[in-house]
Amino acid sequence: MSHLAYLIPGWILLVGVYGIVTSRNLVHAVVCLSVAQSATYVLLLVIGYRRHATAPVFSDIKPTGDVVDPIVQALTLTDIVVGATVTALLLALTVQVAKRRGTVDPDRLRSLEP
Amino acid sequence: MSPRGRLIVFLLGGAGFAVLFVLGTVHLPDFGGTWHPYGERTVSNAVARHTPNVISSINFDQRAFDTLGEELILMASALAAVVVLRGVRAEQEETAGAHEYGPAEVFDALRITGYLLLPITLVAGVYIVAHGSLSPGGGFQGGIVLGSAIHLVYLAGDYPALARIRPIPVFESGEAVAAGAFVLLALAAAGQVTAMNAAVGAEVGCAVVLVLAKFFEQALLVRTSS
Amino acid sequence: MILQIAVGLPFLVATLLAGTGRWLPRVAVDALATLTVAVLIVLLSLVLASGGTTVWLGGWREGVGIPLVASPLTLGLTLTIAVVALAALIVSWRYFAEVQAIFHALMLLFTGAMCAFVLTEDLFDAFVFFELMSVVAYALTGYKSEEPDTVHGALNFGIVNSLGAYFTLSGIALVYARTGQLGFAAIGKSLREDDALVTLAFALICTGFLVKAAAVPFHFWLADAHAVAPTPVCMLFSGVMVELGVFGVLRTYVLSFSRAIPAADVRTALLVFGSAAALLGGVMCVLQRHIKRLLAYSTISHVGLLLVGVGLLDEAALSGAATYFLGHVGVKAALFSGAGLLLNRYETVDEHDLHGRGRSMPVTGTIFLLGGLGLAGLPPYGTWAGKAVMEEAGGVWLTALAVVASALTAGAVLRVWLRVFLGAGPSRSDSGDHEEAETRFKLSRLPWTMVAPGVVLVLGGLLLGLLPGHVIGRAVASYAHLEGPVPTPWTPAGVLSGLLAVAFAFGVAVLGLRGYAPRVALLHRLHSGHIGDYVAWLMAGVTVFGLLLIAR
């Protein structure tokens, strides 16, 4: 039953991708993309978890080996900030699509093939 | 493809992926297990280097090259968002009439609260950046706090004041200079955790301010007369 | 130390340009960017001359730190990247009438990211620089944000590639959970058993790389992005960025998974995906009338062939694939620069609109002719030499695939040459879209800086087949140990297949002029520009790849 925790990121990823596939609004699609990204964070953190362990910061406790895995925390931390700015870039592109084409509905955007 | 065709392709792919994922994750080590060899090595390295915050030690000392890459992604996306949203001036000329961003009508209580919270939040942000190697925090987190803090001015209802205190060219250059400093630190002097935190904090703060500035310009442009 | 300087220099100058660029004159910005890449080439050559090196960054040793491994193979790749970047920057001198310094900063970041991706031997670090490369690519694609198609194409590119990268990160997390390591070599030592987790992790990690490599069905974004990106950027995309996806798959398998997953399983999966790309790319290529889109589909096809050659996981085929890659770089980058010249002079890249108008541009026409012959695989082009060696390793079916795919793509390019530069074929009255020129003024005489890089690149690709085989054979030895003599392309079968492909290509070109085109409305409907379609196919592709890995 402990492996249930590993299935949750898989579910979040599928939900995010489903959102993009059935999206009727590009802003919604970009936000679903960040939902899919958060699945990777959850997966990383779930992998790094250690029962009855504390955070890997020794400002108020003596250094001990009984901490959760700091590697995945470091990976996730930088990824979150980066994900925010990449989402900003994609949203900026969406704003421009809205202005130039007058719509953000993927169904109404015409194909790029002439 | 029709929406139904699209959904069918996705359902087939998603079902297959779900099966593969479940079959694969069954073989993962138990949740909450104690086998994390790389993590334990980094903890002892951080303690040896007198950096109590192990995560900061990993980010700015042991795996500084990764953080360099992430920094540059941040800078690239922020500058790219600025460039992509650059058409505002032309649009202003296209639609006739004067434009301005006016201050909003808000309650006095809201305005005073915003102005009081601003210096407190800024100091908190600087604290988070400066103590990144000692306690939870660091450049990334503190930078976000700093970048968002000055927008309390906008939340207090005074967008023109916000526009005055954050000239875009200054923040663009500030971001680039901070990123350049980080490149040098990461490649030549990895391990200077405090200095790197400061560089990252400056860079992230500037990036957040820049991106929000361009989005605000797009959203709040108001035509006052025609 | 030289390697760190080489890696950090493009990044440092990029930040400098980003910070001070708005106050510098255009000449200074151009000069600084070009000089930086030139210095990068010199530094990388110095490291290559000294035999290569391994640098553990920050002084942290194995098991904790991140290594940069400069071997002949990786240095060869980074030098190729730098040379194409130099050519692209030289083309952009006169290509853009007005451009902000941020463009040059992004180009330098792009070059630096690709070099760092190649040099690093840590899995997560490779992912980080892969992401950097991708994000800068989205930015460069969407640079002309006034055009509606540009931002639409950049957005499709951004969403699909980001999603692929997130799949890769999931795979990396799973590998970390199993092995507790993040370095390629360290993972390779720990991964021994072949169970469902290892297969899942490999499939997920390869997803991001295969999306970048535009393997079918992950390929939909490439044509959209290439059609709208500025020409110097397309040179880099088609020349090196897409191919780095194939390198990512190769490196991950050889260094990390080769003791866990048997080569036969991986071979099946890669061959299926590569062949699909080669054929679909070729067919779509013939159907295009927008020249840049046509070249984009030819990239899909040729990188599909590259994936097949690499996917054979065979020593001889790998040296052939490396030669093929180098030949393709020269030819494809030159073709894109030629397309850019047409776009600049006539403000359109629609084949029918340009009917006969290329007669006043003989040098550009020569670039198209030489490029088309290179894509077909005429001896002694590098593309021919690589293909001949791959065919010998792969057998009859690979030969047939290569001949058909190159005949289709080269046929389309030669059709363009015949129609635009010789005025052959009937002229049609319907006109395609009017594109805004990427330069806002028309140059009466094309400056040599815009033409010369293309000429030099295509000549390089042409002469590459004359290079003695052991130069490249020795470089790939770190990945595949060649026993015995290096295979040579100068065999009767090799020369014959090359000439056959050229003959078929001319046939395809002439048929195309007469108006014969397969009526495949279904294919056009599939390439709809709709992001939901692209992502649905991505999901399906991940599942198919995983199933092919499991299937025995």
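Calculation criteria
- Residues numbered from 1 in each chain as written.
- Chains lettered and ligands numbered in written order.
- Predicted model: local features only at pLDDT ≥ 70, side-chain atom pairs only at ≥ 80, totals over all residues.
- Axes fitted to C-alpha atoms, helices over the stretch in contact; angles between N-to-C directions.
- Helix = DSSP H or I, 4+ residues; strand = E, 2+ residues; numbered from the N terminus.
- Parallel < 35°, antiparallel > 145°, perpendicular 65-115°, else oblique.
- Left-handed = near helix turned anticlockwise from the far one by under 90°.
- Contact = placed C-beta atoms within 7 Å.
- Nonpolar A, V, L, I, M, F, W, Y, C, P; charged D, E, K, R; others polar.
- Core = buried A, V, L, I, M, F, W, Y, C linked by C-beta atoms within 7 Å.
- Buried ≥ 20, exposed ≤ 12 C-beta atoms within 10 Å, placed from the backbone.
- pLDDT = per-residue confidence, 0-100.
- Expected span 1.5 Å × (residues − 1).

1. Digging into the packing of helix 4 (residues 64-84) of chain B against helix 4 (residues 101-119) of chain C
- Close contact between helix 4 of chain B and helix 4 of chain C brings their axes to 11 Å; oriented N to C, the two are set at 150 degrees. The angle between helix 4 of chain B and helix 4 of chain C falls in the class roughly antiparallel. In this structure, helix 4 of chain B meets helix 4 of chain C at a crossing whose hand is left-handed. The segment helix 4 of chain B lies against helix 4 of chain C, with L72, A76, L79 and V83 of chain B engaging I102, L106 and L109 of chain C.
- The residue inventory of the contact of helix 4 of chain B with helix 4 of chain C, partitioned by class, reads seven nonpolar, no polar and no charged.

2. Some words on the nonpolar core
- Counting residues in hydrophobic clusters, the biggest one holds 338 residues, and the most contacted among them are A76 of chain B together with L109 and V136 of chain C.
- Contact partners of L109 of chain C, with chain neighbours within four places excluded, come to L72 and A76 of chain B together with P10, F11, A14, L132 and V136 of chain C.

3. Topic: the confidence of the model for chain C
- Averaged over chain C, the pLDDT score is 88; the fraction of residues at 70 or greater is 95%.
- Listed scores for the predicted complex are pTM 0.93 and ipTM 0.95.

4. Topic: helix 4 of chain C
- The end-to-end C-alpha separation of helix 4 of chain C is 27 Å, in line with the 27 Å expected for 19 residues at 1.5 Å each.
- Of all 19 residues making up helix 4 of chain C, 19 are buried, and the element is well covered by its neighbours.

5. What to know about the interface of chain C and chain B
- Taken together, the 57 residues of chain C in the interface contact 52 residues of chain B.
- Of the residues forming the side of chain C that touches chain B, the biggest block, ten residues, is contributed by helix 21 (residues 531-550) of chain C.
- Of the residues in the side of chain C that touches chain B, the class split is 32 nonpolar, 18 polar and seven charged.

6. Some thoughts on the environment of C285 of chain C
Residue and element names in this part refer to chain C.
- Considering the arrangement of structural elements, one finds C285 in helix 11 (residues 263-286).
- Remark: the alpha-carbon pair of C285 and V413, spanning 128 residues in sequence, is separated by 8.8 Å.
- Apart from residues no more than four positions distant in its own chain, C285 is found in contact with L294, Y297, S298, S301, L408, T409 and A412.

7. A short note on the interface of chain A and chain B
- The partner chain B presents 48 residues to the 39 residues of chain A that form the contact.
- Where the side of chain A that touches chain B is concerned, the elements lending two or more residues are helix 1 (4-21), helix 2 (26-48) and helix 3 (70-101) of chain A.
- With 16 residues, the single largest contributor to the side of chain A that touches chain B is helix 3 of chain A.
- Among the residues forming the side of chain A that touches chain B, the class breakdown is 25 nonpolar, eleven polar and three charged.

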